[in-house]
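# Breakdown of the fold
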Amino acid sequence: MIQFTRRALILSALVLSGPVFAAHPVDDASQYVTQSITITGAVEHPLTLGVDDLRKFPPHKVGELPMVCQSGAKLGQMENLKGVLLRDILEQAKVVSKDHNDVKKTILIAAASDGYQVVFSWSEVFNSPIGDGVLVFFEKDGVPLADDEGRIAMVSTKDTRTGPRHVKWLKTIEVKKIAP
């Protein structure tokens, strides 16, 4: 009974505190706001893209997206996101593949200006349903993102636990081959 009560108190505190997706508490979110993202690493065409550049890609919208943390607890919900698929950005940058199997050994590291990082495999983004939902977004509820997310953010909408791969203040996406 004591463990149940402790868990209930912790869960209540999480729910009542509202959505918290950053890697750490933030007093002044404006210090992390990014105006553009860079695509670097194993690409033929490194890119730096601002919101206006992202608007030129085919648009994708997401209606309702529950935010679920790593533990499985529901943290809240994001609604009406507008952005572009990571896959479309990477197709423009053109991932380097000297050998037919190189892409199978390639990862994508998305990093935020606060140091938070998440990883995707090339296969997830280009060869699975996950890729249909990795959204680099710049608008929520019809307005630009506020300082608490930066001007550009990312989320994997097809993940069961969406919180761990929600990247606020998206700054870079590095394409990296991890095996010979």
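Everything numeric here is computed off the predicted structure, so don't read it as measured data.

On to the overall build of the protein chain. In terms of helices and strands, the protein chain carries 4 helices and 10 strands. Reading the protein chain from its N terminus to its C terminus gives the helix and strand order α-β-β-α-β-β-α-β-β-α-β-β-β-β. Expressed as a percentage of its 180 residues, the buried residues of the protein chain come to 43%. In the protein chain, the share of contacts with a sequence separation of at least 24, taken over all contacts with a separation of at least 6, comes to 65%. Summed over all atoms, the accessible surface of the protein chain reaches about 9700 Å², with 53% contributed by carbon and sulfur.

When pLDDT is averaged along the protein chain, the result is 87; 86% of the residues meet or exceed 70. Low confidence marks residues 1–23, where pLDDT is under 50. Its contacts with residues over four positions away, or in another chain, come to 14 contacts.

Looking at chain direction, strand β3 (residues 60–68) and strand β4 (residues 74–85) are connected through 8 bridges and run antiparallel. The residue of β4 that forms the bridge with Lys61 is Lys82. As consecutive antiparallel partners, β3 and β4 are separated by 5 residues, and within that stretch Gly72 has a phi angle of approximately 100 degrees, a positive value. Here 5 bridges tie β4 to strand β7 (residues 134–140), and the two strands are oriented antiparallel to one another.

As enumerated under the stated definition, the model contains 8 salt bridges in all. The shortest N-O distance in the salt bridge between Glu44 and Lys94 comes to 3.9 Å. Here Glu44, found in the loop between β1 (36–41) and β2 (47–50), pairs with Lys94, found in the loop between α3 (86–93) and β5 (106–112); they are 50 residues apart in sequence, far enough to count as distant. Classification of Lys94 by relative accessible area gives partly exposed; the value is 42%. Glu124 is paired through a salt bridge with Arg165; the nearest N and O atoms lie 3.0 Å apart.

Before going further, it helps to spend a moment on the packing of aromatic side chains. Across all of its chains, the model carries 2 aromatic pairs by this definition. On the basis of an interplanar angle of 35 degrees and a centroid distance of 5.0 Å, the ring pair of Tyr32 and Trp169 is categorised as tilted. Here the residue Tyr32 occupies a position in the loop between α1 (2–16) and β1, and Trp169 occupies one in the loop between β9 (153–156) and β10 (170–177), the gap between them amounting to 137 residues. As far as the burial class goes, Tyr32 and Trp169 line up, both buried. Ring geometry for Trp122 against Phe126: centres 5.1 Å apart, planes inclined by 15 degrees, an arrangement best described as stacked. Separated by 4 residues within a single helix, Trp122 and Phe126 lie in helix α4 (residues 122–127), roughly one turn from each other.

Below, the discussion takes up the side chain of Thr162. Inspection of the secondary structure puts Thr162 in the loop between β9 and β10. At 3.1 Å, the side chain of Thr162 and the backbone nitrogen of Val68 are in polar contact. Those residues in contact with Thr162 that lie beyond four places of it in its chain are Leu65, Pro66, Met67, Val68, Val155, Ser156 and Thr157.

What follows covers α3. Owing to its 3.6 residues per turn, the α-helix brings residues three or four apart onto one side. Buried residues dominate α3, accounting for 6 of its 8 residues. Along α3, the positions that sit buried rather than exposed are Leu86, Arg87, Asp88, Ile89, Leu90 and Ala93. Lys94, located one to two residues past α3, shows a positive phi value of around 60 degrees.

Criteria and cut-off values
Residues numbered from 1 in each chain as written. Predicted model: local features only at pLDDT ≥ 70, side-chain atom pairs only at ≥ 80, totals over all residues. Heavy atoms only, no water. Helix = DSSP H or I, 4+ residues; strand = E, 2+ residues; numbered from the N terminus. Buried < 20%, exposed > 50% of the residue type's maximum accessible area, 1.4 Å probe, protein only. Contact = heavy atoms within 4.5 Å. Areas by Shrake-Rupley, 256 points an atom, 1.4 Å probe, with all protein chains shown as cover. pLDDT = per-residue confidence, 0-100. Pairing = 2+ DSSP bridges. Salt bridge = Lys/Arg side-chain N within 4 Å of Asp/Glu carboxyl O. Phe/Tyr/Trp six-rings, centres within 6.5 Å; stacked < 30°, edge-to-face > 60°. Polar contact = N/O pair within 3.5 Å; in protein donor to acceptor, adjacent residues only side chain to side chain.

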